[in-house]
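Each chain, written out:
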Amino acid sequence: MIPGNRYKNGTLRNVSTECQWLDGVFQAVPLSGTSISKTGHLAKFMSAEIEARQQEVAAMFDRHGPAYRWWAVLTVMLGTVSAIMEATVVNVALPDIIRVFHVGHDQVQILSTGFLAATTASMLVATWAMQRFGVRRSFMGALALLVMFSVLATLSSRFELLALCRIGQGSIAGLIQPLAMLVIIDVFPPQERGRAMGAYGLGIVLSPAVGPVAGGLLVDQFGWRAVFLVTVPLCLAAIAMAPRFVIAGQPLPGAHKKPFDVIGLVLVVAALCALLGGLAALIREPTLGSASVGLGIALAVAFVVWERSTLHPLLDFQIFREAGFAAAVMVALAYGVGIYGSTYLAPIFAQIGAGFSAYEAGLMLLPGGAVLAIVLLLSGRLADRFPSNRVAMAGLAFFALSAILMGFSSRLTGFWLLALWVAIGRVGLGLIIPGLNAGALRLLPYGTEAAGSASINFFRQLGGALGVTLLALFLEGRERQLNAVHGLQPMQEGFFLIAFVYCLALIPAWLMSGKSFNHGDTAARQRSRTRTQS
(Lines give C-alpha, C1' and ligand atoms only; values in the text may rest on other atoms or scores of the structure.)
Protein backbone atom coordinates (compact mmCIF):
# COMPACT_ATOMS: atom_id res chain seq x y z
CA MET A 1 0.00 0.00 0.00
CA ILE A 2 1.12 3.56 -0.59
CA PRO A 3 1.85 5.64 2.55
CA GLY A 4 -1.25 7.27 4.02
CA ASN A 5 -3.57 5.15 1.90
CA ARG A 6 -4.67 2.61 4.47
CA TYR A 7 -7.29 1.93 7.13
CA LYS A 8 -6.54 2.87 10.67
CA ASN A 9 -5.05 -0.18 12.41
CA GLY A 10 -5.76 -2.11 9.19
CA THR A 11 -9.46 -2.68 9.88
CA LEU A 12 -12.78 -1.08 10.75
CA ARG A 13 -13.56 -1.50 14.44
CA ASN A 14 -17.17 -0.28 14.46
CA VAL A 15 -19.80 -1.34 11.92
CA SER A 16 -21.56 2.03 12.23
CA THR A 17 -18.69 3.83 10.53
CA GLU A 18 -17.80 5.10 7.11
CA CYS A 19 -14.35 5.55 5.57
CA GLN A 20 -12.78 8.82 4.45
CA TRP A 21 -9.41 10.58 4.28
CA LEU A 22 -8.51 12.06 7.68
CA ASP A 23 -5.12 13.65 8.43
CA GLY A 24 -3.74 12.03 5.26
CA VAL A 25 -4.86 8.57 6.37
CA PHE A 26 -7.85 6.65 5.05
CA GLN A 27 -9.69 6.15 8.38
CA ALA A 28 -13.03 5.09 9.77
CA VAL A 29 -15.33 7.76 11.18
CA PRO A 30 -18.74 7.37 12.83
CA LEU A 31 -21.91 7.76 10.82
CA SER A 32 -23.66 10.58 12.66
CA GLY A 33 -27.32 10.12 13.50
CA THR A 34 -27.39 6.36 12.72
CA SER A 35 -27.42 3.22 14.81
CA ILE A 36 -25.53 -0.05 14.43
CA SER A 37 -28.77 -1.94 13.86
CA LYS A 38 -29.62 0.24 10.88
CA THR A 39 -26.18 0.70 9.38
CA GLY A 40 -24.27 -2.47 10.21
CA HIS A 41 -25.16 -4.34 7.02
CA LEU A 42 -24.61 -1.23 4.90
CA ALA A 43 -21.31 -0.37 6.57
CA LYS A 44 -20.02 -3.92 6.11
CA PHE A 45 -20.48 -3.79 2.34
CA MET A 46 -19.45 -0.13 2.13
CA SER A 47 -16.17 -0.77 3.94
CA ALA A 48 -15.47 -3.79 1.71
CA GLU A 49 -16.12 -1.77 -1.44
CA ILE A 50 -13.95 1.10 -0.23
CA GLU A 51 -11.17 -1.30 0.70
CA ALA A 52 -11.35 -2.93 -2.75
CA ARG A 53 -11.20 0.47 -4.45
CA GLN A 54 -8.24 1.54 -2.34
CA GLN A 55 -6.42 -1.70 -3.14
CA GLU A 56 -6.91 -0.93 -6.83
CA VAL A 57 -5.53 2.58 -6.33
CA ALA A 58 -2.53 1.17 -4.41
CA ALA A 59 -1.87 -1.31 -7.22
CA MET A 60 -1.91 1.56 -9.72
CA PHE A 61 0.67 3.46 -7.65
CA ASP A 62 2.83 0.34 -7.45
CA ARG A 63 2.66 -0.04 -11.22
CA HIS A 64 3.12 3.59 -12.32
CA GLY A 65 4.84 5.27 -9.39
CA PRO A 66 3.99 8.62 -7.72
CA ALA A 67 3.16 10.22 -11.08
CA TYR A 68 0.14 7.92 -11.45
CA ARG A 69 -2.30 10.38 -9.91
CA TRP A 70 -1.46 13.04 -12.51
CA TRP A 71 -1.91 10.53 -15.33
CA ALA A 72 -5.32 9.76 -13.85
CA VAL A 73 -6.18 13.47 -13.77
CA LEU A 74 -5.07 13.88 -17.40
CA THR A 75 -7.16 10.89 -18.49
CA VAL A 76 -10.40 12.06 -16.90
CA MET A 77 -9.70 15.67 -17.88
CA LEU A 78 -9.57 14.66 -21.57
CA GLY A 79 -13.00 13.08 -21.21
CA THR A 80 -14.50 15.99 -19.28
CA VAL A 81 -13.05 18.61 -21.63
CA SER A 82 -14.65 16.72 -24.52
CA ALA A 83 -18.02 16.73 -22.75
CA ILE A 84 -17.90 20.41 -21.82
CA MET A 85 -16.53 21.52 -25.19
CA GLU A 86 -19.46 19.83 -26.94
CA ALA A 87 -21.84 22.19 -25.12
CA THR A 88 -20.51 25.32 -26.86
CA VAL A 89 -18.53 24.23 -29.93
CA VAL A 90 -21.67 24.00 -32.09
CA ASN A 91 -22.55 27.67 -31.53
CA VAL A 92 -20.11 28.94 -34.18
CA ALA A 93 -21.84 26.73 -36.76
CA LEU A 94 -25.41 27.87 -35.98
CA PRO A 95 -25.60 30.58 -38.69
CA ASP A 96 -24.59 28.00 -41.34
CA ILE A 97 -27.06 25.43 -39.95
CA ILE A 98 -29.85 28.03 -40.04
CA ARG A 99 -29.13 28.69 -43.73
CA VAL A 100 -28.70 25.03 -44.74
CA PHE A 101 -31.80 23.65 -43.01
CA HIS A 102 -33.94 26.82 -43.38
CA VAL A 103 -34.83 26.99 -39.68
CA GLY A 104 -35.33 29.93 -37.31
CA HIS A 105 -33.82 30.75 -33.94
CA ASP A 106 -36.75 29.11 -32.18
CA GLN A 107 -35.88 25.82 -33.91
CA VAL A 108 -32.08 25.86 -34.08
CA GLN A 109 -31.83 26.56 -30.34
CA ILE A 110 -32.77 22.90 -29.71
CA LEU A 111 -29.18 22.04 -30.66
CA SER A 112 -28.06 23.87 -27.53
CA THR A 113 -31.03 23.48 -25.20
CA GLY A 114 -31.51 19.80 -26.04
CA PHE A 115 -27.87 19.20 -25.14
CA LEU A 116 -28.13 21.14 -21.87
CA ALA A 117 -31.43 19.56 -20.85
CA ALA A 118 -30.10 16.05 -21.50
CA THR A 119 -26.95 16.89 -19.51
CA THR A 120 -29.10 18.17 -16.64
CA ALA A 121 -31.10 14.94 -16.43
CA SER A 122 -28.26 12.47 -17.00
CA MET A 123 -26.09 13.98 -14.24
CA LEU A 124 -28.59 12.39 -11.86
CA VAL A 125 -27.87 8.93 -13.35
CA ALA A 126 -24.08 8.94 -12.93
CA THR A 127 -24.07 7.34 -9.46
CA TRP A 128 -26.30 4.49 -10.62
CA ALA A 129 -24.12 3.88 -13.70
CA MET A 130 -21.01 3.65 -11.52
CA GLN A 131 -22.70 1.21 -9.14
CA ARG A 132 -24.03 -0.91 -12.00
CA PHE A 133 -21.04 -1.01 -14.36
CA GLY A 134 -18.06 0.28 -12.36
CA VAL A 135 -16.04 3.44 -12.88
CA ARG A 136 -13.83 2.41 -15.81
CA ARG A 137 -16.53 0.73 -17.89
CA SER A 138 -18.94 3.62 -17.31
CA PHE A 139 -16.28 6.17 -18.29
CA MET A 140 -15.12 4.32 -21.41
CA GLY A 141 -18.65 3.40 -22.47
CA ALA A 142 -19.78 7.01 -22.16
CA LEU A 143 -16.85 8.24 -24.26
CA ALA A 144 -17.53 5.62 -26.92
CA LEU A 145 -21.18 6.72 -27.11
CA LEU A 146 -20.08 10.37 -27.34
CA VAL A 147 -17.91 9.50 -30.34
CA MET A 148 -20.80 7.61 -31.93
CA PHE A 149 -23.25 10.50 -31.55
CA SER A 150 -20.62 12.94 -32.86
CA VAL A 151 -20.09 10.90 -36.02
CA LEU A 152 -23.85 10.50 -36.53
CA ALA A 153 -24.27 14.29 -36.16
CA THR A 154 -21.63 14.81 -38.85
CA LEU A 155 -23.53 12.51 -41.22
CA SER A 156 -27.00 13.93 -40.47
CA SER A 157 -29.01 15.00 -43.52
CA ARG A 158 -32.14 16.10 -41.63
CA PHE A 159 -32.38 18.70 -38.89
CA GLU A 160 -34.49 16.36 -36.71
CA LEU A 161 -31.74 13.71 -36.76
CA LEU A 162 -29.13 16.34 -35.94
CA ALA A 163 -31.20 17.46 -32.95
CA LEU A 164 -31.52 13.87 -31.69
CA CYS A 165 -27.73 13.44 -31.95
CA ARG A 166 -27.20 16.59 -29.90
CA ILE A 167 -29.58 15.29 -27.22
CA GLY A 168 -27.62 12.03 -27.23
CA GLN A 169 -24.35 13.93 -26.81
CA GLY A 170 -25.81 15.85 -23.86
CA SER A 171 -27.05 12.72 -22.12
CA ILE A 172 -23.54 11.28 -22.28
CA ALA A 173 -21.82 14.52 -21.23
CA GLY A 174 -23.85 14.51 -18.01
CA LEU A 175 -22.51 11.06 -17.12
CA ILE A 176 -18.84 11.83 -17.74
CA GLN A 177 -18.38 14.83 -15.45
CA PRO A 178 -19.35 13.23 -12.08
CA LEU A 179 -17.34 10.08 -12.90
CA ALA A 180 -14.24 12.19 -13.49
CA MET A 181 -14.61 13.91 -10.12
CA LEU A 182 -14.87 10.52 -8.40
CA VAL A 183 -11.54 9.40 -9.91
CA ILE A 184 -9.78 12.48 -8.55
CA ILE A 185 -11.24 11.92 -5.07
CA ASP A 186 -10.00 8.32 -5.18
CA VAL A 187 -6.35 9.13 -5.94
CA PHE A 188 -5.85 12.33 -3.89
CA PRO A 189 -6.25 12.84 -0.13
CA PRO A 190 -8.14 16.02 0.86
CA GLN A 191 -5.05 18.11 1.59
CA GLU A 192 -3.76 17.51 -1.96
CA ARG A 193 -7.02 17.78 -3.89
CA GLY A 194 -6.70 21.54 -4.22
CA ARG A 195 -3.82 21.24 -6.68
CA ALA A 196 -5.57 18.46 -8.55
CA MET A 197 -8.83 20.41 -8.81
CA GLY A 198 -6.85 23.46 -9.93
CA ALA A 199 -5.17 21.60 -12.79
CA TYR A 200 -8.38 19.80 -13.66
CA GLY A 201 -10.44 22.99 -13.46
CA LEU A 202 -8.00 24.92 -15.65
CA GLY A 203 -8.62 22.56 -18.53
CA ILE A 204 -12.37 22.70 -17.97
CA VAL A 205 -12.41 26.50 -17.89
CA LEU A 206 -10.37 26.85 -21.07
CA SER A 207 -12.30 24.25 -23.07
CA PRO A 208 -15.37 26.45 -23.79
CA ALA A 209 -12.99 29.14 -25.08
CA VAL A 210 -10.72 26.88 -27.16
CA GLY A 211 -13.60 24.80 -28.57
CA PRO A 212 -15.26 27.57 -30.61
CA VAL A 213 -11.88 28.59 -32.09
CA ALA A 214 -11.17 25.07 -33.30
CA GLY A 215 -14.78 24.68 -34.38
CA GLY A 216 -14.76 27.97 -36.27
CA LEU A 217 -11.59 27.02 -38.13
CA LEU A 218 -13.14 23.71 -39.18
CA VAL A 219 -16.38 25.41 -40.24
CA ASP A 220 -14.50 27.89 -42.44
CA GLN A 221 -12.37 25.17 -44.02
CA PHE A 222 -14.68 22.15 -44.23
CA GLY A 223 -18.24 23.32 -43.46
CA TRP A 224 -20.58 23.03 -40.49
CA ARG A 225 -20.47 19.22 -40.30
CA ALA A 226 -16.82 19.20 -39.27
CA VAL A 227 -17.60 21.05 -36.02
CA PHE A 228 -18.96 17.84 -34.49
CA LEU A 229 -15.60 16.09 -34.92
CA VAL A 230 -13.59 18.53 -32.77
CA THR A 231 -13.72 16.39 -29.63
CA VAL A 232 -13.40 12.96 -31.28
CA PRO A 233 -9.55 12.83 -30.99
CA LEU A 234 -9.75 13.77 -27.29
CA CYS A 235 -12.36 11.07 -26.65
CA LEU A 236 -10.28 8.42 -28.43
CA ALA A 237 -7.18 9.43 -26.43
CA ALA A 238 -9.11 9.15 -23.15
CA ILE A 239 -10.52 5.74 -24.18
CA ALA A 240 -6.98 4.52 -24.93
CA MET A 241 -5.61 5.76 -21.58
CA ALA A 242 -8.51 4.69 -19.35
CA PRO A 243 -7.63 0.95 -19.08
CA ARG A 244 -4.17 1.93 -17.91
CA PHE A 245 -4.94 4.81 -15.52
CA VAL A 246 -8.59 4.53 -14.37
CA ILE A 247 -9.47 1.93 -11.74
CA ALA A 248 -12.22 -0.56 -12.55
CA GLY A 249 -14.16 0.39 -9.41
CA GLN A 250 -16.49 -2.57 -9.91
CA PRO A 251 -18.92 -3.01 -6.97
CA LEU A 252 -18.56 -6.27 -5.08
CA PRO A 253 -21.17 -9.01 -5.65
CA GLY A 254 -24.02 -8.63 -3.18
CA ALA A 255 -22.92 -5.16 -2.13
CA HIS A 256 -25.54 -2.67 -1.05
CA LYS A 257 -26.79 -0.50 -3.89
CA LYS A 258 -28.87 2.59 -3.38
CA PRO A 259 -32.25 2.13 -5.11
CA PHE A 260 -32.52 4.21 -8.26
CA ASP A 261 -35.31 6.77 -8.35
CA VAL A 262 -36.84 5.78 -11.71
CA ILE A 263 -40.05 7.73 -11.13
CA GLY A 264 -38.08 10.89 -10.31
CA LEU A 265 -35.97 10.56 -13.47
CA VAL A 266 -39.05 10.01 -15.67
CA LEU A 267 -40.76 13.04 -14.15
CA VAL A 268 -37.79 15.37 -14.58
CA VAL A 269 -37.10 14.25 -18.17
CA ALA A 270 -40.78 14.60 -19.10
CA ALA A 271 -40.95 18.03 -17.45
CA LEU A 272 -37.86 19.27 -19.32
CA CYS A 273 -39.08 17.93 -22.68
CA ALA A 274 -42.58 19.41 -22.28
CA LEU A 275 -41.38 22.76 -20.95
CA LEU A 276 -38.52 23.39 -23.40
CA GLY A 277 -40.41 21.94 -26.35
CA GLY A 278 -43.45 24.05 -25.52
CA LEU A 279 -41.41 27.24 -25.25
CA ALA A 280 -39.78 26.53 -28.63
CA ALA A 281 -43.22 26.00 -30.25
CA LEU A 282 -44.89 29.12 -28.81
CA ILE A 283 -44.33 31.29 -31.89
CA ARG A 284 -45.18 28.81 -34.64
CA GLU A 285 -47.92 26.87 -32.78
CA PRO A 286 -49.02 29.01 -29.81
CA THR A 287 -51.90 26.78 -28.68
CA LEU A 288 -49.86 23.58 -28.69
CA GLY A 289 -46.89 25.40 -27.19
CA SER A 290 -48.92 26.86 -24.34
CA ALA A 291 -50.44 23.47 -23.53
CA SER A 292 -46.98 21.88 -23.52
CA VAL A 293 -45.58 24.59 -21.21
CA GLY A 294 -48.51 24.04 -18.83
CA LEU A 295 -47.88 20.30 -18.84
CA GLY A 296 -44.17 20.89 -18.20
CA ILE A 297 -44.92 23.07 -15.17
CA ALA A 298 -47.35 20.46 -13.81
CA LEU A 299 -44.75 17.70 -14.24
CA ALA A 300 -42.11 19.87 -12.55
CA VAL A 301 -44.41 20.33 -9.55
CA ALA A 302 -45.04 16.58 -9.50
CA PHE A 303 -41.27 16.01 -9.54
CA VAL A 304 -40.77 18.26 -6.52
CA VAL A 305 -43.63 16.60 -4.61
CA TRP A 306 -42.26 13.13 -5.38
CA GLU A 307 -38.67 14.02 -4.45
CA ARG A 308 -39.84 15.38 -1.10
CA SER A 309 -41.70 12.16 -0.29
CA THR A 310 -39.43 9.37 -1.58
CA LEU A 311 -36.73 7.81 0.61
CA HIS A 312 -34.03 7.91 -2.09
CA PRO A 313 -34.50 11.14 -4.06
CA LEU A 314 -32.44 12.25 -7.03
CA LEU A 315 -32.42 15.74 -5.49
CA ASP A 316 -32.70 16.32 -1.75
CA PHE A 317 -35.06 19.28 -1.42
CA GLN A 318 -34.81 19.17 2.39
CA ILE A 319 -31.59 21.18 2.22
CA PHE A 320 -33.53 24.11 0.76
CA ARG A 321 -34.74 24.77 4.29
CA GLU A 322 -31.26 25.96 5.25
CA ALA A 323 -31.13 29.75 5.45
CA GLY A 324 -29.71 31.31 2.31
CA PHE A 325 -29.28 28.09 0.31
CA ALA A 326 -32.49 28.60 -1.71
CA ALA A 327 -31.16 32.06 -2.61
CA ALA A 328 -27.88 30.46 -3.74
CA VAL A 329 -29.85 28.14 -6.02
CA MET A 330 -31.55 31.15 -7.61
CA VAL A 331 -28.12 32.68 -8.26
CA ALA A 332 -27.01 29.39 -9.85
CA LEU A 333 -30.11 29.46 -12.07
CA ALA A 334 -29.32 33.02 -13.20
CA TYR A 335 -25.66 32.09 -13.67
CA GLY A 336 -26.67 29.32 -16.08
CA VAL A 337 -28.96 31.68 -17.99
CA GLY A 338 -26.14 34.19 -18.44
CA ILE A 339 -23.18 31.96 -19.25
CA TYR A 340 -24.95 29.70 -21.73
CA GLY A 341 -27.18 32.46 -23.12
CA SER A 342 -24.24 34.75 -23.84
CA THR A 343 -22.14 31.90 -25.25
CA TYR A 344 -25.05 31.09 -27.57
CA LEU A 345 -25.63 34.71 -28.63
CA ALA A 346 -22.06 36.06 -28.89
CA PRO A 347 -20.90 33.94 -31.89
CA ILE A 348 -24.18 34.60 -33.75
CA PHE A 349 -23.81 38.33 -33.11
CA ALA A 350 -20.16 38.29 -34.23
CA GLN A 351 -20.96 36.54 -37.53
CA ILE A 352 -24.33 38.02 -38.47
CA GLY A 353 -24.10 41.35 -36.67
CA ALA A 354 -20.42 42.20 -37.04
CA GLY A 355 -19.63 40.24 -40.21
CA PHE A 356 -16.87 38.04 -38.76
CA SER A 357 -16.04 34.58 -40.06
CA ALA A 358 -16.79 31.52 -37.92
CA TYR A 359 -13.10 31.27 -36.98
CA GLU A 360 -12.97 34.95 -35.95
CA ALA A 361 -16.18 34.52 -33.94
CA GLY A 362 -14.57 31.66 -32.03
CA LEU A 363 -11.30 33.54 -31.66
CA MET A 364 -13.19 36.45 -30.10
CA LEU A 365 -13.99 34.23 -27.10
CA LEU A 366 -10.41 33.03 -26.55
CA PRO A 367 -8.98 36.05 -24.63
CA GLY A 368 -11.97 35.87 -22.30
CA GLY A 369 -11.21 32.22 -21.58
CA ALA A 370 -7.61 33.07 -20.67
CA VAL A 371 -8.81 35.90 -18.41
CA LEU A 372 -11.28 33.56 -16.73
CA ALA A 373 -8.52 31.04 -15.99
CA ILE A 374 -6.34 33.74 -14.38
CA VAL A 375 -9.20 35.19 -12.32
CA LEU A 376 -10.18 31.73 -11.06
CA LEU A 377 -6.65 31.18 -9.74
CA LEU A 378 -6.98 34.36 -7.64
CA SER A 379 -10.66 34.61 -6.79
CA GLY A 380 -10.69 31.59 -4.46
CA ARG A 381 -8.69 33.62 -1.95
CA LEU A 382 -11.20 36.46 -2.22
CA ALA A 383 -14.05 34.08 -1.40
CA ASP A 384 -12.12 32.96 1.71
CA ARG A 385 -11.17 36.48 2.78
CA PHE A 386 -14.42 38.35 2.12
CA PRO A 387 -18.10 37.37 2.45
CA SER A 388 -18.67 34.95 -0.41
CA ASN A 389 -22.02 36.48 -1.37
CA ARG A 390 -20.32 39.86 -1.86
CA VAL A 391 -17.74 38.24 -4.14
CA ALA A 392 -20.56 36.66 -6.14
CA MET A 393 -22.35 40.02 -6.32
CA ALA A 394 -19.23 41.66 -7.73
CA GLY A 395 -19.08 38.94 -10.36
CA LEU A 396 -22.75 39.45 -11.28
CA ALA A 397 -22.12 43.19 -11.68
CA PHE A 398 -19.10 42.60 -13.97
CA PHE A 399 -21.08 40.20 -16.15
CA ALA A 400 -24.07 42.57 -16.36
CA LEU A 401 -21.69 45.37 -17.44
CA SER A 402 -20.23 43.11 -20.13
CA ALA A 403 -23.70 42.28 -21.49
CA ILE A 404 -24.65 45.98 -21.56
CA LEU A 405 -21.46 46.84 -23.49
CA MET A 406 -22.18 44.04 -25.97
CA GLY A 407 -25.72 45.39 -26.33
CA PHE A 408 -24.41 48.81 -27.33
CA SER A 409 -22.02 47.27 -29.88
CA SER A 410 -22.69 47.47 -33.62
CA ARG A 411 -21.14 46.63 -36.97
CA LEU A 412 -18.63 49.44 -36.37
CA THR A 413 -17.31 47.88 -33.14
CA GLY A 414 -13.89 46.38 -33.76
CA PHE A 415 -12.79 42.80 -33.09
CA TRP A 416 -10.59 43.59 -30.10
CA LEU A 417 -13.19 45.81 -28.47
CA LEU A 418 -15.75 43.01 -28.68
CA ALA A 419 -13.14 40.61 -27.27
CA LEU A 420 -12.60 43.07 -24.40
CA TRP A 421 -16.34 43.21 -23.62
CA VAL A 422 -16.41 39.40 -23.51
CA ALA A 423 -13.32 39.35 -21.25
CA ILE A 424 -15.01 41.71 -18.77
CA GLY A 425 -17.84 39.21 -18.52
CA ARG A 426 -15.38 36.39 -17.90
CA VAL A 427 -13.90 38.36 -15.01
CA GLY A 428 -17.39 38.33 -13.56
CA LEU A 429 -17.77 34.59 -14.05
CA GLY A 430 -14.41 34.02 -12.38
CA LEU A 431 -15.75 35.81 -9.29
CA ILE A 432 -19.18 34.17 -9.34
CA ILE A 433 -17.93 30.55 -9.45
CA PRO A 434 -15.99 30.44 -6.12
CA GLY A 435 -18.32 32.94 -4.45
CA LEU A 436 -21.38 30.86 -5.32
CA ASN A 437 -19.92 27.40 -4.69
CA ALA A 438 -18.12 28.25 -1.46
CA GLY A 439 -20.93 30.43 -0.16
CA ALA A 440 -23.67 27.90 -0.87
CA LEU A 441 -21.93 24.89 0.64
CA ARG A 442 -20.93 26.77 3.79
CA LEU A 443 -24.63 27.28 4.49
CA LEU A 444 -25.22 23.52 4.71
CA PRO A 445 -24.56 21.23 7.70
CA TYR A 446 -21.78 18.68 7.57
CA GLY A 447 -22.66 15.64 5.49
CA THR A 448 -25.06 17.42 3.12
CA GLU A 449 -22.45 19.10 0.92
CA ALA A 450 -22.76 16.44 -1.81
CA ALA A 451 -26.52 17.00 -2.05
CA GLY A 452 -25.92 20.75 -2.10
CA SER A 453 -23.34 20.48 -4.88
CA ALA A 454 -25.72 18.30 -6.92
CA SER A 455 -28.49 20.89 -6.49
CA ILE A 456 -26.25 23.79 -7.54
CA ASN A 457 -25.07 21.91 -10.65
CA PHE A 458 -28.60 20.82 -11.56
CA PHE A 459 -30.08 24.31 -11.37
CA ARG A 460 -27.10 25.86 -13.18
CA GLN A 461 -27.64 23.48 -16.10
CA LEU A 462 -31.39 24.04 -15.92
CA GLY A 463 -30.82 27.79 -16.08
CA GLY A 464 -28.66 27.29 -19.15
CA ALA A 465 -31.33 25.28 -20.95
CA LEU A 466 -34.09 27.73 -20.06
CA GLY A 467 -31.90 30.74 -20.84
CA VAL A 468 -30.97 29.63 -24.34
CA THR A 469 -34.57 28.62 -25.11
CA LEU A 470 -36.05 31.91 -23.93
CA LEU A 471 -33.31 33.93 -25.64
CA ALA A 472 -33.87 32.17 -28.96
CA LEU A 473 -37.64 32.64 -28.56
CA PHE A 474 -37.07 36.35 -27.89
CA LEU A 475 -34.82 36.74 -30.96
CA GLU A 476 -37.30 34.98 -33.25
CA GLY A 477 -40.24 36.99 -31.91
CA ARG A 478 -38.46 40.35 -32.22
CA GLU A 479 -37.24 39.55 -35.75
CA ARG A 480 -40.81 38.81 -36.80
CA GLN A 481 -42.12 41.89 -35.03
CA LEU A 482 -39.52 44.16 -36.64
CA ASN A 483 -39.72 42.29 -39.97
CA ALA A 484 -35.93 42.08 -39.95
CA VAL A 485 -34.55 38.57 -40.44
CA HIS A 486 -31.19 38.24 -38.62
CA GLY A 487 -31.42 41.92 -37.70
CA LEU A 488 -28.92 43.58 -35.37
CA GLN A 489 -31.45 45.15 -32.99
CA PRO A 490 -32.94 41.88 -31.63
CA MET A 491 -29.46 40.60 -30.79
CA GLN A 492 -28.56 43.85 -29.03
CA GLU A 493 -31.78 43.64 -27.03
CA GLY A 494 -30.90 40.00 -26.22
CA PHE A 495 -27.73 41.16 -24.47
CA PHE A 496 -29.73 43.76 -22.53
CA LEU A 497 -32.08 40.98 -21.45
CA ILE A 498 -29.15 38.94 -20.11
CA ALA A 499 -27.90 42.01 -18.23
CA PHE A 500 -31.36 42.45 -16.70
CA VAL A 501 -31.38 38.84 -15.46
CA TYR A 502 -27.98 39.30 -13.80
CA CYS A 503 -29.07 42.55 -12.17
CA LEU A 504 -32.10 40.73 -10.75
CA ALA A 505 -29.78 38.00 -9.47
CA LEU A 506 -28.12 40.58 -7.20
CA ILE A 507 -31.17 40.29 -4.93
CA PRO A 508 -30.85 36.55 -4.11
CA ALA A 509 -27.06 36.99 -4.00
CA TRP A 510 -27.53 39.57 -1.24
CA LEU A 511 -29.79 37.11 0.59
CA MET A 512 -27.25 34.29 0.15
CA SER A 513 -26.21 34.52 3.75
CA GLY A 514 -27.14 32.76 6.91
CA LYS A 515 -25.63 30.51 9.53
CA SER A 516 -22.29 29.23 8.26
CA PHE A 517 -21.47 25.69 9.41
CA ASN A 518 -17.82 25.21 10.36
CA HIS A 519 -17.10 21.93 8.60
CA GLY A 520 -13.52 21.94 9.76
CA ASP A 521 -14.58 21.92 13.43
CA THR A 522 -17.05 19.11 12.75
CA ALA A 523 -14.39 17.04 11.04
CA ALA A 524 -12.04 17.68 13.97
CA ARG A 525 -14.66 16.43 16.42
CA GLN A 526 -15.12 13.31 14.30
CA ARG A 527 -11.37 12.67 14.24
CA SER A 528 -11.23 12.98 18.03
CA ARG A 529 -14.19 10.60 18.42
CA THR A 530 -12.57 8.07 16.07
CA ARG A 531 -9.28 8.10 17.97
CA THR A 532 -11.11 7.66 21.28
CA GLN A 533 -12.99 4.63 19.96
CA SER A 534 -9.82 3.12 18.56
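This is a predicted model, so every value here is computed, not measured.

1. Describing helix 5 (residues 110-122)
Item 1. When the terminal C-alpha atoms of helix 5 are compared, their 17 Å separation across 13 residues agrees well with the 18 Å that a helix rising 1.5 Å per residue should span.
Item 2. Where burial is concerned, most of helix 5 is hidden: 12 out of the 13 residues are buried.
Item 3. Taken residue by residue, helix 5 has Leu-111, Ser-112, Thr-113, Gly-114, Phe-115, Leu-116, Ala-117, Ala-118, Thr-119, Thr-120, Ala-121 and Ser-122 as its buried positions.

2. Observations concerning the pattern of salt bridges
Item 1. Tallied over the entire structure, the rule returns 5 salt bridges.
Item 2. In this structure, Glu-86 and Arg-166 form a salt bridge, with 3.7 Å as the shortest nitrogen-oxygen distance. Pair noted here: Glu-86 is in helix 2 (residues 68-89) and Arg-166 is in helix 8 (residues 159-187), with a separation of 80 residues, a long-range link. With respect to burial, Glu-86 and Arg-166 carry one shared label: buried.

3. Digging into the environment of Leu-94
Item 1. Examined against the element boundaries, Leu-94 turns out to sit in helix 3 (residues 94-101).
Item 2. Look at Leu-94 and you get buried, because its relative accessible area is 0%.
Item 3. A sequence separation of 257 residues divides Leu-94 from Gln-351, and the C-alpha atoms of the two residues are 9.9 Å apart.

4. Considerations on the packing of aromatic side chains
Item 1. Going through the model one piece at a time under the given rule, you end up with 12 aromatic pairs.
Item 2. Taken together, a centroid distance of 5.2 Å and an interplanar angle of 80° make the contact between Phe-61 and Tyr-68 edge-to-face.
Item 3. Since its relative accessible area comes to 8%, Phe-61 is described here as buried.
Item 4. Since its relative accessible area comes to 0%, Tyr-68 is described here as buried.
Item 5. Through a chain of ring-to-ring contacts, the aromatic side chains of Phe-101, Phe-159, Trp-224 and Phe-228 assemble into a single cluster.

Calculation criteria
Residues numbered from 1 in each chain as written. Predicted model: local features only at pLDDT ≥ 70, side-chain atom pairs only at ≥ 80, totals over all residues. Heavy atoms only, no water. Helix = DSSP H or I, 4+ residues; strand = E, 2+ residues; numbered from the N terminus. Expected span 1.5 Å × (residues − 1). Buried < 20%, exposed > 50% of the residue type's maximum accessible area, 1.4 Å probe, protein only. Salt bridge = Lys/Arg side-chain N within 4 Å of Asp/Glu carboxyl O. Phe/Tyr/Trp six-rings, centres within 6.5 Å; stacked < 30°, edge-to-face > 60°.

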